[in-house]
Structures are given as C-alpha cells and as structure tokens.
Amino acid sequence: MRVLLVDDDAGLRALLRMTFDVFDIDVDEASGATEARELIRADPPDVIVLDVVMPGMDGLQFCRELKSSRETRDIAVVLLSGSEGGTRVAADAAGAEAYVPKPFSPLELLAVVERLSGGLYGVPFRATKKIGSEEEQLLLYARDLRHLLQIERAQRSLVQEAYRQTVAAFTSALESKDTDSGKHSQRVQLYALELARTMDTELADDPSAEYGFLLHDVGKIGIPDRVLQKPAPLTEPERALMQTHTVLGEQMLAGVALLQGPGMHIVRSHHERWDGEGYPDGLVRDETPTGARIFAVADTLDAMTSDRVYRAALPWSAAHDEILSQSGLQFDPDVVDAFRACESSLRDVRREFSAAS
Ligand SMILES: [Fe+2]
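## Re the overall build of the protein chain
Counting its regular elements, the protein chain contains 17 helices and five strands. Compactness check: the protein chain gives a C-alpha radius of gyration of 31 Å against a globular reference of 21 Å for 357 residues, more than 25% above the reference. Its C-alpha atoms give the protein chain principal-axis dimensions of about 90 × 40 × 35 Å. Across the 357 residues that make up the protein chain, the buried fraction comes to 45%. Of all intrachain contacts in the protein chain linking residues separated by at least 6 positions in sequence, the fraction that spans at least 24 positions is 62%. Accessible surface, the protein chain as shown: approximately 17700 Å² in total, 52% of it carbon and sulfur. Taking the 38 positively charged and 59 negatively charged side chains of the protein chain as two groups, their mean positions are separated by 4 Å.

## Things to note about the pattern of salt bridges
Enumeration according to the criterion identifies 17 salt bridges in this entry. In this structure, the salt-bridge partner of D281 is R268, at a minimum N-O distance of 2.9 Å. Here D281, found in the loop between helix 13 (262-269) and helix 14 (290-304), pairs with R268, found in helix 13; they are 13 residues apart in sequence, far enough to count as distant. The closest approach of N and O atoms between D275 and R273, which form a salt bridge, is 2.8 Å. Each of R2, D28 and D43 takes part in a single network of salt bridges with overlapping partners.

## Describing the pairing of strand 3 (residues 47-51)
The two faces of a sheet get side chains in turn, since along a regular strand they alternate between them. Judged by how many residues are buried, strand 3 sits mostly within the fold: five of five residues are covered. Residue alternation in strand 3 divides its side chains into two sets, V47, V49 and D51 and I48 and L50, and both sets are buried. The pairing of strand 1 (residues 2-6) with strand 3 spans four bridges and is parallel. Considered in strand 3, the bridge of V6 is made with L50. Examined bridge by bridge, strand 3 and strand 4 (residues 76-81) share five bridges and lie parallel to one another. Note on strand 4: the bridge partner recorded for I48 is V77. Following the backbone out of strand 3, through helix 3 (residues 59-68) and into the adjacent parallel strand 4, one traces a crossover that is right-handed.

## Considering the coordination of the iron ion
Coordination of the iron ion by the protein involves D217 (OD), H245 (NE2), H270 (NE2) and H271 (NE2), with metal-donor separations of 2.0 to 2.2 Å. In this structure, the iron ion is coordinated by four donor atoms arranged in irregular fashion, with angles at the metal of 84 to 176°. Here the donor residues of the iron ion are spaced in sequence according to D-x27-H-x24-H-H. We classify H270 as buried; its relative accessible area is 2%.

## Some remarks on the side chain of E272
With respect to the helices, strands and loops of the structure, E272 is situated in the loop between helix 13 and helix 14. Buried charge without a partner: E272 forms no salt bridge, and the closest opposite charge is R268, 6.1 Å away. Of note is the side chain of E272, whose polar atom sits 2.7 Å from the backbone nitrogen of D281.

## As for the sheet that holds strand 3
The parallel open sheet is built from five strands, whose spatial order is 2-1-3-4-5. The two strands at the open ends of the sheet, each matched to only one other strand, are strand 2 (26-30) and strand 5 (98-101). Strand-to-strand, the axes of this sheet are offset by a mean angle of 20°, without reference to chain direction. The pairing of strand 4 with strand 5 spans four bridges and is classified as parallel. Across the sheet, residue S81 finds its bridge partner in strand 5, namely P101. Its contacts with the sheet put helix 5 (residues 106-116) on strand 1, strand 3, strand 4 and strand 5, and the angle it makes with strand 4 is roughly 160°.

## Points about the packing of helix 7 (residues 184-199) against helix 9 (residues 207-215)
Two quantities define a packed helix pair, namely the angle between the helix axes and the distance between the axes. Contact pair helix 7 / helix 9: the axes reach a minimum separation of 7 Å and the direction vectors enclose 140°. Taken together, the axis directions place helix 7 and helix 9 in an arrangement best described as oblique. The two elements helix 7 and helix 9 meet at a crossing, and its hand is right-handed. Along its contact with helix 7, which presents S185, Q186, V188, Q189, A192 and L193, the element helix 9 presents E210, F213 and L214.

Each value, and the rule that gives it
Residues numbered from 1 in each chain as written. Predicted model: local features only at pLDDT ≥ 70, side-chain atom pairs only at ≥ 80, totals over all residues. Heavy atoms only, no water. Helix = DSSP H or I, 4+ residues; strand = E, 2+ residues; numbered from the N terminus. Rg over C-alpha atoms; globule rule 2.2 N^0.38 Å. Buried < 20%, exposed > 50% of the residue type's maximum accessible area, 1.4 Å probe, protein only. Contact = heavy atoms within 4.5 Å. Areas by Shrake-Rupley, 256 points an atom, 1.4 Å probe, with all protein chains shown as cover. Lys, Arg positive; Asp, Glu negative; His and termini not counted. Charge placed at Lys NZ, Arg CZ, Asp CG, Glu CD. Salt bridge = Lys/Arg side-chain N within 4 Å of Asp/Glu carboxyl O. Pairing = 2+ DSSP bridges. Right-handed = clockwise from strand over helix to strand, strands pointing away. Donors = N, O, S within 2.8 Å, 3.2 Å for Na, K, Ca; no water. Tetrahedral: all angles 85-135°; square planar, octahedral: opposite > 155°, others 65-115°. Polar contact = N/O pair within 3.5 Å; in protein donor to acceptor, adjacent residues only side chain to side chain. Axes fitted to C-alpha atoms, helices over the stretch in contact; angles between N-to-C directions. Parallel < 35°, antiparallel > 145°, perpendicular 65-115°, else oblique. Left-handed = near helix turned anticlockwise from the far one by under 90°.

This is how it looks when you write it as structure tokens:
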C-alpha cells in the first residue's frame, strides 16, 4: 500500500511516516496541493491523507478538485483538521471518505487508512478522549510510540525464535545423519557456555558464539554417510575428507548474519590445537579464536563421557585427567584452568542430560 501525506507541517509528516513505516506502508510526502498534484499524476497512491489548513489551496478545495476528476476521484481521501464541528460536514461535502480531527493518534489514522484501502490488518487501538490542545496531541504521540515499540519488541523476539528454530532444524538434520551425535550438540553447547562464562563473559553473552557452539559440526551434513557412519577407523583419505567438515560448515553458514564473528570462528576452528597440530589451518596458541579454544575442551569432555559406536562412555575422572594432561598441548592452559574452576557445574550439566534421557 502507498499513502500520500499532504501537509505543510514537516514534523507531522515525519511522525506519520515513522508510524506507517513500521507497518511497511510506503509513504510519499507533499507540502501542499501543487506538489501533491504532480506526485498523484506520476503515480497515483492508494490513499491521500490531506490537511485541511494549508497555505495556498486548502485541503477542502483540493479534495473537491480530486473528487471532480475522473483520474483521481477513486483515490480515498482522509481529511485532517485542527477545528471540530462544521469541518466534518465540510469534509463530507467535499467528498472525503474519512475525517480525522486533531489531535489524533497516528495509530488511529493508520486504522482509518487501512480500512479505506481494504487492508485486513486491524490496529487494535483507539484513543479514549479528545482534547484539542497541543499537549494532548503530544501525549497521544508518546502513547503511540510506546505501543509501536512494544510491537517492534514482539517482532524482534519472533525473529529470534525463528533463528532458534532454524538452528534446531539444522542440528536435528545432523543428528539423523551422524549416529554419534545424539544430544552431543546441545551438551557441548552447554559445556562451552559454562566455560565461556568462567573465562570471558562477553563471549558467553554473544548469540553468535552460542549458535556457533551448537552448530559446530553442521558441515558434517556434507560428508558422505559411508565415511560419517563407518564403524571402523577411517583410512587416511577418509580422515582428510572428514576434516573438511570445518570449512564446509563455514561455507554453509557464510550467509547467516547472526553467526558472523565468534560463531563462524568456532565452526571453522573447533579442531585447532594449542600446539598447532590441529586443522584446518594449523593455528598455534591464541591464533585460534577464544570461542574455538573453549570449544575444544568442551568437545573432548563430551566425546569421552559419551557412548560411541566403538566404545562405551568413559568415567568423568578419565576425561578430567585427559583434559589436565593436555594443558598446553591440545588445550589452552587458561581454558583448562576454567575447566577446573567450573567442573562441578559441568558435572551438573552431564547429570541433567543423563536424567532426561
Ligand atoms: Fe567437528
């Protein structure tokens, strides 16, 4: 839908534009009848919102002109006016489809515009009373602004929920392919978040890292089942193929805005090692991004304490010993320190998952 606002008050036009923008309604603006005439000729709008009091030709006159021309008479006109009483009658006489006295709530005007254009979108909002003072108009604007912000916040949480659902769909696609995965992605995400909270709270609060922890192995979707599900040690070429899941994952997620930054670093670098013996880039020490260094410990912890196709789960103490012994070799010593500091919380995560399965 497109609306043409004709009003000499630039502030009012800006406010109405903001209101309409929230609802994806295109807005053209004119400061008077002459400018409006040209815009209508170039591209007729669906609805014209017209102020009655304007310098030059006033709104009532301009409305009569529009309604007397075959080209423009079918365009719905809403007249806005500062004075009550006789103007409503005058608006009817001029052929306007609706009349909205000032002060008005922009959302009320939006509802009128939607109704006139045949839109189905109803705005569940009505002003309770009208007092013709400037302050009252400001209060109505402020109330509408608050209402719009609430709508915007609700829409934002819907988008976040949509992200969450998309990520969950990705991980369950992966779980259906990779027999070892099971609840691995969720567990490892919680371990990594716990370690991150202990080491680097900013990273722990970053949704990109949170999703990166969960989606770290998404590139395995591109690895053939005969390699992914092989119940025996991989040959060297198979191992090389398997290792491409890091860069494959990064390529798959390259267009996902939310994962840029720490999330993508985790996906690409989660198999790097502190001593530089990892893949795909052989990064050394803190060349590997923090999220990926944290993830490496979380991943080993979960791999060792979970059942695998080729062996049963090892006791927690075995994982503990392995992680400590790999400090400064496979793992960043700072992450290993964090592991020791939050080990009891990590065990709680493990227990909760065992209880749930
Ligand atoms: Fe991986």
